[in-house]
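A structural walkthrough
So the chains spell out like this:
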Amino acid sequence: MAKQLKIALVGYGKMGKLIEQIALKRGHSIVARIDADSSGADWEQAEKADVAIEFTMPKAAVANIKKCFDLDVPVVVGTTGWYDHMAEIRTLCLSGNKALLTATNFSIGVNLFFHINKILAQAMENLPEYDVEVEEIHHTQKLDAPSGTAITIAEGIMAGLSRKSGWVLRENAKQGTDELVITAKRVDDVPGTHKVTYSSEIDDIEIKHTAHSRSGFAVGAIVAAEWLHGKKGCYTMNDLIGF
Ligand SMILES: NC(=O)c1ccc[n+]([C@@H]2O[C@H](COP(=O)([O-])OP(=O)(O)OC[C@H]3O[C@@H](n4cnc5c(N)ncnc54)[C@H](O)[C@@H]3O)[C@@H](O)[C@H]2O)c1
């Protein structure tokens, strides 16, 4: 059984609240709940934590990660849409001997999907009659588009398929380029749906992941916190799952 952890929740929205419920059921305790209107006193509570779990907003994540580094609290980050700063954060993490785990998606099922997606892309390398597209659907409050998960899927495809050199949102796509088109749809209450379609004149091949709720993300983030505790360095879910 995993050690019982003192957890600081950074971001107390839909994900923060769900993580709290599941963490308590797993025997962990919550020592701080930090949200947009929190004060320095709340961050002082976070200093007591074994690990912080950050689910906030793209524009808030970088400052929150740096704050956790300053407090020397390992941090699991679920927020997406801030990865332009990843190189800077990785450098800070490694040079300061801190601990960070990021994932565009914490659900085990999606991480399996990432794995299958990479294998499928490799198999398609020598079948140029197939074109490929990615589609993601999320709830209307999601701020970033495409989703971080869709970007990870696109990167997995491009790693195996040399005829795709970059990705582009459908609304910016131009005819006749080698860019991988991602369609991002926003529909009320959808926790997260991702689909990869290979199309030829003869047939289509689709792989699809549909999240039925946010629970898979929350459980995965807590498992990641349990795994990260006691480690130093920069990790992703790949390090935890071992694909
Ligand atoms: N990686 C994954 O598996 C995964 C899964 C679900 C959601 N997400 C991402 O996690 C993030 C949060 O999702 P959510 O559904 O909980 O959103 P939400 O809007 O319900 O909650 C975000 C919370 O962050 C708070 N916040 C804003 N600025 C803050 C700051 N500076 N410091 C602390 N808190 C701050 C807001 O007040 C709000 O309560 C989003 O970026 C979402 O895309 C990732």
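Here the focus is the sheet that holds strand 7 (residues 166-169). The strand order across the open sheet formed by five strands is 7-8-6-9-10, and the pairing between neighbours is mixed. Each edge of the open sheet carries a strand with a single partner, namely strand 7 and strand 10 (204-210). Across the sheet, the mean angle from the axis of one strand to that of its neighbour is 20°, orientation sign disregarded. With seven bridges connecting them, strand 9 (residues 193-199) and strand 10 associate as antiparallel partners. Directly across from Thr193, in strand 10, lies its bridge partner Thr210. Packing of helix 5 (residues 108-124) onto the sheet brings it into contact with strand 9 and strand 10, and relative to strand 10 it is tilted by some 165°. Set on the sheet, helix 6 (residues 148-160) makes contact with strand 6 (131-138), strand 7, strand 8 (179-186) and strand 9; between it and strand 9 the angle comes to about 30°.

Let's shift gears to the packing of aromatic side chains. Under the defined criterion, the tally for this structure stands at three aromatic pairs. For the ring pair Trp227 and Tyr235, a centre distance of 5.0 Å and an interplane angle of 90° mean the geometry is edge-to-face. According to the relative accessible area criterion, Trp227 is partly exposed, its value standing at 22%. The aromatic ring of Trp227 is capped on one face by Lys231, whose charged end is 4.1 Å from the ring centroid.

Another point: the state of the cysteines. For the structure on display, the rule yields zero disulfides. Cysteine Cys93 shares no disulfide, and the gap to the nearest cysteine sulfur, in Cys234, comes to 3.2 Å.

A few words on the pairing of strand 6. The buried count for strand 6 comes to six of eight residues, which makes it a mostly enclosed element. Alignment of strand 6 against strand 9, held across seven bridges, turns out to be antiparallel. Bridged to Val132 within strand 9 is Tyr198. Relative to strand 8, strand 6 is paired through six bridges, and the arrangement is parallel. From the neighbouring strand, Val134 faces strand 8, where its bridge partner is Ile182.

Below, the discussion takes up the site of the ligand. Taken together, the neighbourhood of the ligand is formed by 22 residues, with Lys14, Met15, Asp35, Phe106 and Lys142 sitting nearest. Here a nitrogen atom of the ligand and a backbone polar atom of Thr104 are 3.1 Å apart. The contact in question runs from an oxygen atom of the ligand to an N or O atom on the side chain of Lys142, over 2.9 Å. In the complex, the protein chains occlude 80% of the 860 Å² of accessible area that the ligand would expose alone. Going through the elements one at a time, helix 1 (14-25) and helix 3 (58-71) are the ones with two or more residues in the shell around the ligand. Of the residues contributing to the shell around the ligand, the split by class is 10 nonpolar, nine polar and three charged.

Rules used in this analysis
- Residues numbered from 1 in each chain as written.
- Predicted model: local features only at pLDDT ≥ 70, side-chain atom pairs only at ≥ 80, totals over all residues.
- Heavy atoms only, no water.
- Pairing = 2+ DSSP bridges.
- Helix = DSSP H or I, 4+ residues; strand = E, 2+ residues; numbered from the N terminus.
- Axes fitted to C-alpha atoms, helices over the stretch in contact; angles between N-to-C directions.
- Contact = heavy atoms within 4.5 Å.
- Phe/Tyr/Trp six-rings, centres within 6.5 Å; stacked < 30°, edge-to-face > 60°.
- Buried < 20%, exposed > 50% of the residue type's maximum accessible area, 1.4 Å probe, protein only.
- Lys NZ or Arg CZ within 6 Å of the ring centre and 35° of its normal.
- Disulfide = S-S within 2.5 Å.
- Near = heavy atom within 4 Å.
- Polar contact = N/O pair within 3.5 Å; in protein donor to acceptor, adjacent residues only side chain to side chain.
- Areas by Shrake-Rupley, 256 points an atom, 1.4 Å probe, with all protein chains shown as cover.
- Nonpolar A, V, L, I, M, F, W, Y, C, P; charged D, E, K, R; others polar.

Geometric values such as these leave the question of function open.
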